[in-house]
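Examining the three-dimensional arrangement
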Amino acid sequence: MRLVVNGTARDYAGSPVKRLADVLRDDFGLTGTKIGCNAGDCGACTVMLDGKQVCACLTPAAQAEGKLVITVEGLKAHGALSRLQQSFLRHGAAQCGICTPGMLLAATDLLAGNGRPSRDEVQDALGGVLCRCTGYQKIIEAVLDASRHQPLPVAPEAGQAVGARSVKVDGLAKVDGAEKYGADSIPADALWLRIIRSPHHRATFKLGDTTPLLQKHPGLVRVLTASDVPRNGYGIYPDIKDQPVLADGLVRYRGEAVIALVGSRAAVEAVRDSELPLTYAVEDPLHGVTAASAAGARLVQAQKPGNLLLEGGVIKGDVAAGFAACAAVASDVFQTAFVEHAYIEPEAGWAQRVGDRIEVHATTQTPYMDRDEIAGVMKMPLDAIRVVPTACGGGFGGKLDLSVQPLIALAAWLLQRPVACIYTRPESMAASTKRHPATIVAKFGCDKDGHLIAVDTKADFDTGAYASWGPTVANRVPVHATGPYHVPHVHNWGRAFFTNAPPSGAFRGFGVPQAAIAHEALLDDLAEKLGIDRLEIRRRNALRVGQATATGQVLEHSAGLPACLDALEPHWRAMQDEAQRFNARRKGLRRGVGIGCMWYGIGNTSMSNPSVMRVALRADGRFTLYNGALDVGQGSNTIMTQITADAVGAPMALFDLITGDTDRTADAGKTSASRQTFVSGKAAEYAGIDLRRQILRLVNAGEQAVFRFEGRTLLIEDGGNTHRVALDTLPRVAGEDVLLGEGRFDPPTTPLDANGQGIPYATYAFAAQIALVEVDAELGKVKVLRMVAAHDVGRAINPQQVEGQIHGGIAQGLGLALMEEYIPGRSENLHDYLIPTIGDMPQIDVLLIEAAEPLGPYGAKGVGEPGLVPTAPAILGAVRDAVGVRVTQVPLLPHRLRALTRQKEAAE
C-alpha cells in the first residue's frame, strides 16, 4: 500500500493491521512519533491523518492508505521551524520532550481551523495528550501565542546568561522530532529481550526444560535464568544488594523478573505465557505495614527480622515537657498510598559488546550508578562498562533504579550481538518503583500565641519487596517532619518495612510530601483552635536565619519562607474574599482557600555528595561542556551551560554539550534530591573559573580582561592591549581540546549522631503555596481553580525553567492529593491509573523569591522537588475551608470525600 507521509509518497508492504505508529517508526524511521502506552491513553503517538489528529498506536496501517500523514518531522516548512514549534521553544513548553510531538500535532489540528483559540479551546484540543513534566501551563501559553511571529531569543552574551530566560540548549531536537530516547536508536541487527514476570505477589517457582520452547520458536535464541547472572543482586546502597536481576526460585512481588527470552522481535513476542515451562506454588503475601510488622509475620526477606529494613530519627529537647507547656495540641493519623511515576517514556534501551567492554544505551537518571551496578552484576571492572544515556522521557526518581540495563548487558555479552528491550506500559507500571505509602502518627503543640513548642511524629513506610531507596526516605522524613518551622522539642521517628509489593523507591520528594500533608494539617488545626489566621501562624513559626532546625543545625543563610509568605499574603486575602463572595451567592458548590508550606534539604542526607564538571576550549574557538549531570527534563543541560558560560566569560552560543557518557564526562552524581543546580552547578562554575584563568594565563592577562574569537584565533583584551593567540599552535589536551578546566564541589555536611543531631544538608529550599478550590460535596468532586506558589530558589538561573519545574511539581502534587493511587495488579495502565490531564490543571502564578545561598552557583539552590511538596497540603486545606472536613487519607477520591461529608452531616 502507499501512504503519503509529510508530503512524500511512501510504499509499505507489511501487514495491513500493523499499528501506524510502528509503521512510521520501524518501516519509515520516523521516530519522532513516540509510543507511551499502545492503548490510546497517553497521546504521545498523535499524528495528523488527512488533517485530523489521531492516535497512531490505535490506527491500523490500512486506514492510512492513500491518505496524508503528518508527523512532527513534517511540521517544518523548507527546513524552518513552524511558528508553533518556535512558540514551544520560546515558552519552554518542552521539558523532557517525550510528549512534545503529540502535543504539537494536536495543537496543529486545532490551529488549522482556529487561529486564535481560547484557553478552554486549547485544553479541549490537547486533552488527549498526557504530559507528566510541565503541568501544561507553558504548553497552553505556547499554543495561545503561536499566531504571533516573534523571533527566538538570542543566546545571552558573555556575563549575561545567569538569570536569563534562555531557550533550552537541547530544545530544538525536542520540537522537531530529532531527539533520541531509549527506544529510538536501536540497531537494525539487534536481538530483542522480553522479560517474563511473576503474575503472583508471592510464590516459589520451578523452570522446566526450555529446549522445546526454543525448538518451537526458531527465532528464539536463548532463555536467560538466574543461573546465567554472574552476581545476582543489585541495589542503591553499597551494603544492600538485595534485588535479584532474575528471581531464583522465589518471587516476592507481582511483576518481579523471572526469566528473559532473547531472539528476534517477532519470536519473543510470539511466545505465549501458557507455553512457558514455569510452575508456581502460590503463597500468602504480606500487604501493608500493619501485616508486615505484626508479631510472627512471615518474612519477606529471610535475613530481615520483623520485616524491618531500618529505623531512625531525630530527638531534640524534652518532648514530654514541651507538650506539658502547650496551650493547644493537635494530633492525628495520616495515610498515603502507592503512587506511580507514570513517566510517558517506558523504560527502554540497548546494549552491545565492543571487544572486552559492554556499552549500554538506555534511559536513566544516573549513568555512573548504572555503570557501577552493571559492573557488579557482570563481575567486571568499572572501566569495562560504558553507559551512554539516551534522552530521558521523564524520571522523577523512577529511573534511578536499574531496569533494562543489567539484562541487556548480560545478553549482549553472552550472545555477542546488540540486544534491545522496551518495557510495555503495563510492564513498566508493574515492575518499577513507587512512592512509599506512609502511615504517619503526628502530634503538634504550641503556646497561646501559636508558637510551636513540641512535635512528635512516627512515620512507617511500606518499602515493598526490596530496599531500593527505602533508607533514604526513612532517614530524610524525620529531619523534615516538623515542617519548615522552629520547634524547641522534637521527637521524629521513621521506619521502613518490607512487604510483598513492588519496591518503593525515589519519587520527587523522598517522603517529604507525605510528611507535609501531616504537618500542614496540624498547623491548620492549631490555627483553628487559637483563632489565628492560617498564614499568620505559619509566619510566626517560619524558620529564619540564625535559628536551629530539629537536627540542631543553625541556618546561616538563605531561609526565605517569611518572604514567601509575605509575597503570598495579598493573594491569600483576595482569594479568601473571592471564595466568600462565591459561597454567599451559590448553593451546592462551595469554594475554599488553603495554604501549604515546605522545606527541603538539597542533596543527599548527611553523605558526601560530590560532583565533577569539565569544560574545554577547542582549537576552533568553541567550547565543549563535558556535563555528567543528566537532564531528565528539568533543564540541567541549559542551566549548566548558562553557569559555565558566565564563569568562563564567553557567550552561550559558543558552547557545545556532551552529556552523561561515562567515557567522556566526569561523575556529576545522580539527578535526584534537587541537587544538580546546587551541586553540579557549583562544580560547573568552578570549572568555568578554572578554564578562564588558564585562558588569561596564556598572555598573563588580569582578571578583568575580556576575550573573543576570530575563527581559530583567540583575542584577549587587557588594559587597552590586545593579545592574539593562534589556537592551532597550542598543544592538544585531547582531541581538539587545547585547554581543559575542571571543577569539583561537595556540599559541607556532617553525619547525624544517635539522636539525629548534625548538619544533614548544606542548604534548604523553602516555599509556600495557596490553592483555591471548588467542591461539589454531593458528588465528592474537587476542582482546583488557581494556585499561587512562592518559592525561595536562592537565585533563578533561568526563571522560565524554574517556573516550569514548579508548574510540573504542582501537577504531580494535585495528583497526589486528589486522584493517584496505584494498586498492584489493578491499575497498571494509564486508563485505570489517573494522572492530571490538561483539563485538570488550574491557572498557576509563580512568585520567585531569591534569598541567595552563598554556597550555590551565583546564589542558586534547587527547585525540582520543592514544587510538589506543599501542593497537596494546600489543596486539602482548601477543601477543609470549603466544606469543613479534615482529610487524613490521600488521594481524596470522590467516595472518600462523600463519606467525610456524610460523617460531618451526621455529626451536625
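See the structure printed just above.
This section reports on the structure supplied with the text. Note that the structure is a prediction, hence the values are computed from the model and not measured.

Strand order in the open sheet formed by five strands is β12-β22-β21-β20-β13, and the pairing between neighbours is mixed. The strands lining the two open edges of the sheet, one partner per strand, are β12 (308-316) and β13 (328-336). Ignoring strand direction, the axes of neighbouring strands in this sheet form an average angle of 5°. Two strands pair when backbone bridges link them, and strand β20 (residues 438-446) and strand β21 (residues 452-464) are joined in this way by nine bridges, in the antiparallel orientation. Note on β21: the bridge partner recorded for G445 is A454. Most of the contacts of helix α15 (residues 512-530) go to β13, to which it runs at about 150°, and overall it touches β13, β20 and β21.

Viewed as axis vectors pointing N to C, α15 and helix α16 (residues 534-541) meet at an angle of 110°, and their least axial separation amounts to 9 Å. Judged by the inter-axis angle, α15 sits roughly perpendicular to α16. Touching E520, L523, D524, L526 and A527 of α15 are R534, I537, R538 and N541, all from α16. Per-class residue counts for the contact of α15 with α16 are four nonpolar, one polar and four charged.

Now for the nonpolar core. Ranked by internal contacts, the top residues of the largest apolar core, which has 214 residues, are F88, L126, F623, I695 and F707. Excluding anything up to four places from it in sequence, F707 contacts F623, V648, G649, A650, R692, I695, L696, L714, L715 and I716. Ranked by size, the runner-up nonpolar core spans 35 residues in total, among them I195, Y234, V360 and A362.

Looking now at unusual backbone geometry. At the junction of V890 and P891, the peptide bond is cis and its omega measures out at 5° in the coordinates. Secondary-structure assignment places P891 in the loop between α21 (871-883) and α22 (894-907). Positive phi outside glycine occurs at S468, with the angle close to 45°. With respect to the helices and strands, the residue S468 is situated in the loop between β21 and α14 (470-480).

When you tally the buried positions in helix α2 (residues 83-91), you get eight out of nine residues, the bulk of the element. Turning to α2, its buried residues number three or more, namely L84, Q85, Q86, S87, F88, L89, R90 and H91. Residues of α2 that are buried sit in contact with α3 (100-113), α5 (137-144), α6 (171-176) and α20 (799-818).

Attention now goes to the sheet that holds strand β27 (residues 706-710). Spatial ordering of the open sheet is given by β27-β28-β29, a layout of three strands whose pairing is antiparallel. Looking at the sheet topology across the chains shown, the edges are occupied by β27 and β29 (721-726). Within the sheet, the average angular offset between the axes of one strand and its neighbour, ignoring direction, is 25°. By the bridge criterion, six bridges tie strand β28 (residues 713-718) to β29 in an arrangement that is antiparallel. Each bridged residue has a counterpart across the sheet, and for E717 the counterpart in β29 is T722.

Moving on to the pattern of salt bridges. In total, this model carries 65 salt bridges according to the counting rule given. With a shortest N-O distance of 3.6 Å, R880 and E528 are connected by a salt bridge. Of the two residues, R880 is situated in helix α21 and E528 in helix α15; the sequence distance between them amounts to 352 residues. A relative accessible area of 60% means that E528 is categorised as exposed.

This part is about the packing of aromatic side chains. Inspection of the entire model under this criterion finds twelve aromatic pairs. For the pair F623 and F655, a centre-to-centre distance of 4.7 Å together with 10° between the ring planes defines the contact as stacked. Placement of the pair is F623 in strand β25 (residues 623-627) and F655 in strand β26 (residues 655-659), with a sequence separation of 32 residues. Grouping aromatic residues by their ring pairs yields a cluster made of W599, Y761, Y764 and F766. The cationic tip of R197 hangs over the ring face of Y423; the distance from NZ or CZ to the ring centre is 4.9 Å.

Before going further, it helps to spend a moment on the pairing of strand β24 (residues 611-618). Counting buried residues in β24 gives seven out of eight residues, a clear majority hidden from the surface. Of the pairings in the sheet, the one linking β24 to strand β30 (residues 737-745) comprises eight bridges and is antiparallel in character. Note on β30: the bridge partner recorded for A616 is L740. The sheet contact formed by β24 and β25 spans four bridges and is antiparallel.

A separate point is the packing of α2 against α3. Two quantities define a packed helix pair, namely the angle between the axes and the distance from one axis to the other. The N-to-C vectors of α2 and α3 enclose an angle of 130°; their axes lie 10 Å apart at closest approach. It follows that α2 is oblique to α3 by the angle criterion. In this structure, α2 meets α3 at a crossing whose hand is right-handed. Across the interface between the two elements, L84, Q85 and F88 of α2 pack against T100, M103, L104, A107, T108 and L111 of α3.

A separate point is the state of the cysteines. The final tally for this structure, using the stated rule, is zero disulfides. Here C133 is not disulfide-linked; the sulfur of C96 is the nearest cysteine sulfur, at 3.7 Å. Given a relative accessible area of 4%, C133 falls into the buried group.

On the secondary structure map, T433 appears in the loop between α13 (425-431) and β19 (434-435). With 215 residues separating them along the chain, T433 and P218 place their C-alpha atoms 35 Å apart. Discounting residues that sit within four places of it in the chain, T433 has contacts with E340, H341, G398, D401, S468, P503, S504 and G505.

Rules of the game
Residues numbered from 1 in each chain as written. Predicted model: local features only at pLDDT ≥ 70, side-chain atom pairs only at ≥ 80, totals over all residues. Heavy atoms only, no water. Pairing = 2+ DSSP bridges. Helix = DSSP H or I, 4+ residues; strand = E, 2+ residues; numbered from the N terminus. Axes fitted to C-alpha atoms, helices over the stretch in contact; angles between N-to-C directions. Contact = heavy atoms within 4.5 Å. Parallel < 35°, antiparallel > 145°, perpendicular 65-115°, else oblique. Nonpolar A, V, L, I, M, F, W, Y, C, P; charged D, E, K, R; others polar. Core = buried A, V, L, I, M, F, W, Y, C linked by side-chain atoms within 4.5 Å. Buried < 20%, exposed > 50% of the residue type's maximum accessible area, 1.4 Å probe, protein only. Salt bridge = Lys/Arg side-chain N within 4 Å of Asp/Glu carboxyl O. Phe/Tyr/Trp six-rings, centres within 6.5 Å; stacked < 30°, edge-to-face > 60°. Lys NZ or Arg CZ within 6 Å of the ring centre and 35° of its normal. Left-handed = near helix turned anticlockwise from the far one by under 90°. Disulfide = S-S within 2.5 Å.

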